[in-house]
Amino acid sequence: MRNIQLKDDITLSELSLGCMNLPLDDRPETERIIRSALESGITHFDTADLYQFGENEKVLGEVMQQFRSDYAFTIGTKAGNEFDAEKQEKIGWNPSAAHIKNAVKDSLSRLGVEAIDLYQLHGGTIEDNKDETISAFEDLKKEGVIRSYGISSIRLNVIDYYLKHSNISTLMMQFNPIDNRPLEVAGKLDEDVKILSRGPVMKGLLSGNSRKVLENKFADGVLDYSYEELQETLGKLEQINGDLTALSYAFLRHNDAVIVNGVSSLSQLEANVESYRNMPKLTQQDYERILDAVKLIRYEEHRA
């Protein structure tokens with residue numbers, strides 16, 4: 001499996017595992033998923049402190065511990081959302097230095113690690129004291145508590161500030177041929193800032209079950225698409241490559257993105273890995289055919 005190099009001497013597998021939807025209540029299945037991911041060459045695992053109010057980090061940390069002697073891997077998590085783990089409820093957005101420095105201690109404990117490989121701000125607004133937040137990440141990096149940091153956001157004004165005033169190494173956004181809004185951001189990035197593409201199969205719309213997902217989840221359309229337009233677009237994309245997941249992966253590789261695909265079952269992971277291995281080699285003409293098949297859309301909010 002191809003690897004993608006970040007700044008700060010961090011290497012992520014091009015196909016990484018999003019852990020938000022892991023079946024935490026089925027520990028054997030969760031272990032099978034992680035073992036299979038590692039055996040397939042996946043070496044980066046993405047979580048967040050907010051996922052299941054800390055439980056996702058805790059279970060991931062416990063499961064990963066048994067594989068540390070046999071595999072080298074990285075774990076990324078996120079912070080900025082304040083929550084009550086006992087009440088299982090979100091309190092609010094808190095990007096303050098005090099909160100981040102306390103949150104990282106909790107994440108380290110739950111994950112059972114001495115340092116977090118990639119620590120991302122889990123959102124952000126233009127009203128935040130962004131310099132304070134950046135300073136907190138820089139302090140944690142200097143202390144060796146985190147190795148690298150980034151931001152998970154779709155607010156262009158926030159993203160622009162971090163690109164200009166921080167040393168982020170990653171930018172996480174939903175990114176796939178249908179939701180291609182990050183294309184306008186990708187063109188502004190330096191080589192040492194990589195996009196982490198969450199939602200690469202668009203909630204299953206770009207999978208082997210595309211028509212069923214279309215009917216069940218997108219009956220009212222999505223973004224700038226009506227149901228009928230989505231149906232037509234899927235048909236055009238299938239003419240380029242019948243495996244829509246593999247096509248989406250190839251589209252993301254063309255944009256030098258890390259593919260963060262979440263799963264809730266072993267069968268989903270196996271299907272994703274098979275699509276990754278069957279990823280077509282896109283020529284520039286193939287890539288332009290994808291762009292011709294979809295609507296080129298842009299972020300309309302948070303631009304100024």
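Above this note sits the structure.
Below you will find a few notes about this structure. Only a predicted model underlies this, so the values are computations on that prediction, with no experimental measurement involved.

### Quick word on the environment of Ala136
Here Ala136 lies in helix α4 (residues 130-142). The exposure class of Ala136 is buried, given its relative accessible area of 1%. Separated by 35 residues in sequence, Ala136 and Lys101 have C-alpha atoms that sit 7.0 Å apart.

### A short note on unusual backbone geometry
The phi torsion at Leu223 lies on the positive side, around 55°, for a residue other than glycine. Here Leu223 falls in the partly exposed class, since its relative accessible area comes to 37%. At His302, a position not held by glycine, the phi torsion is positive, near 60°. Relative accessible area serves as the criterion here: at 33%, His302 is assigned to the partly exposed category.

### Things to note about the sheet that holds strand β9 (residues 146-152)
With parallel pairing, eight strands are arranged side by side around a closed barrel as β3-β4-β5-β8-β9-β10-β11-β12. In this sheet, neighbouring strand axes are inclined to one another by 30° on average, regardless of whether the strands run parallel or antiparallel. Direction of pairing for strand β8 (residues 116-121) relative to β9: parallel, over a ladder of five bridges. When the bridges of β9 are listed, Ile116 appears paired with Ile146. Each of β3 (15-18) and β12 (258-262) touches helix α10 (residues 266-277); the most contacted strand, β3, lies at about 160° to it.

### Let's talk about helix α2 (residues 55-65)
Taken together, the buried positions of α2 are occupied by Asn56, Glu57, Val59, Leu60, Gly61, Val63 and Met64. At its buried positions, α2 is contacted by α1 (27-39), β4 (44-46), β5 (74-79) and α3 (97-111).

### Observations regarding the pattern of salt bridges
Under the criterion given, the structure shown has 18 salt bridges. The closest approach of N and O atoms between Arg27 and Glu62, which form a salt bridge, is 2.9 Å. With a gap of 35 residues between them, Arg27 in helix α1 and Glu62 in helix α2 connect regions that are remote in the sequence. The class of Arg27 is partly exposed, set by a relative accessible area of 30%. Between Lys194 and Asp256 there is a salt bridge, with its nearest N and O atoms 2.4 Å apart. Placement of the pair is Lys194 in strand β11 (residues 194-198) and Asp256 in the loop between α9 (244-254) and β12, with a sequence separation of 62 residues. On the basis of relative accessibility, which here comes to 11%, the residue Lys194 falls in the buried class. A relative accessible area of 39% places Asp256 in the partly exposed class. Each member of the salt-bridge network shares a partner with another, and the members are Arg27, Lys58 and Glu62.

What counts as what
Residues numbered from 1 in each chain as written. Predicted model: local features only at pLDDT ≥ 70, side-chain atom pairs only at ≥ 80, totals over all residues. Heavy atoms only, no water. Helix = DSSP H or I, 4+ residues; strand = E, 2+ residues; numbered from the N terminus. Buried < 20%, exposed > 50% of the residue type's maximum accessible area, 1.4 Å probe, protein only. Pairing = 2+ DSSP bridges. Axes fitted to C-alpha atoms, helices over the stretch in contact; angles between N-to-C directions. Contact = heavy atoms within 4.5 Å. Salt bridge = Lys/Arg side-chain N within 4 Å of Asp/Glu carboxyl O.

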